[in-house]
Amino acid sequence: MLKGIILISLVFIILITIGSTINIVRRIKIDKKIEYLVDEANPISSTNFNEFKQRIHSTTRTSIYNVPGVYILYNKNNSKYYIGQSKTMIYRVTNHFKGKGSPDVYKSYINGDKFIIRMIPLENSGFKNLNDFERYTIRKFKAYKYGYNKTRGNKNYK
C-alpha cells in the first residue's frame with residue numbers, strides 16, 4: 001500500500017516536472033520570436049516620429065504601419081516600456097504623443113524624455129491574434145511589472 005502511494009507520488013512529481021519543462025521551453029521559444037521581430041522592426045525616435053509619419057503619408061495612403069500590430073514605446077531616459085496593440089498602429093502611436101493614450105507615457109514625453117518606437121505588424125509575426133502578441137510582448141519586456149503598462153494585456157483573449 002505504502003509502495004503504491006510512493007509510486008503514484010513519484011509519477012505525479014515527474015508529470016509536473018515534465019509539464020513545467022515544456023512551459024519553460026515554450027516561453028523561451030516565444031521570447032526568441034519576439035526578440036527577432038523587435039530586432040527586425042525599424043526603430044524610430046520620438047523626435048523624428050512626426051517627420052516619419054508625414055513621409056509615410058506623402059508617399060502612400062497605405063503603409064506597413066497602418067495595419068494591425070503591436071507597438072513598443074521605449075523610454076530611453078528611464079528604461080521603461082509601454083507595449084500596446086492596434087488595428088492601425090501609426091494612428092495609435094500618434095495618439096500616445098498627443099495625450100490620448102497612456103497618461104504616464106505622455107507625461108514623460110512632455111517632460112522631455114526621449115522614446116524609441118517600434119511597430120510590428122501582426123501579419124507574418126507568427127502570432128494568431130493581437131491579444132496573444134501583445135500579452136507575450138508585455139511579459140517579455142516586463143512592461144507590466146516595471147514599465148508603463150497597467151495590465152498584462154487585453155482581457156478578451158481569443
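What this report covers is the structure whose coordinates are included nearby.

## Considerations on the sheet that holds strand β2 (residues 69-75)
- One open sheet holds the four strands; their spatial order is β1-β4-β2-β3, and the pairing between them is antiparallel. What marks the edges here is a single partner per strand, and that holds for β1 (44-45) and β3 (81-86).
- The pairing of β1 with strand β4 (residues 115-121) spans two bridges and is antiparallel. Counterpart to Ile44 in the pairing with β4 is Ile117.
- Most of the contacts of helix α3 (residues 89-96) go to β2, to which it runs at about 30°, and overall it touches β2, β3 and β4.

## Focus on the environment of Asn77
- Note that Asn77 resides in the loop between β2 and β3.
- On a C-alpha basis, the gap between Asn77 and Lys114 in space is 6.4 Å, while along the polypeptide they are 37 residues apart.
- Those residues in contact with Asn77 that lie beyond four places of it in its chain are Asp113 and Lys114.
- For Asn77, the side chain forms a polar contact with the main-chain nitrogen of Lys114, separated by 2.7 Å.

Cut-offs used in this document
Residues numbered from 1 in each chain as written. Predicted model: local features only at pLDDT ≥ 70, side-chain atom pairs only at ≥ 80, totals over all residues. Heavy atoms only, no water. Pairing = 2+ DSSP bridges. Helix = DSSP H or I, 4+ residues; strand = E, 2+ residues; numbered from the N terminus. Contact = heavy atoms within 4.5 Å. Axes fitted to C-alpha atoms, helices over the stretch in contact; angles between N-to-C directions. Polar contact = N/O pair within 3.5 Å; in protein donor to acceptor, adjacent residues only side chain to side chain.

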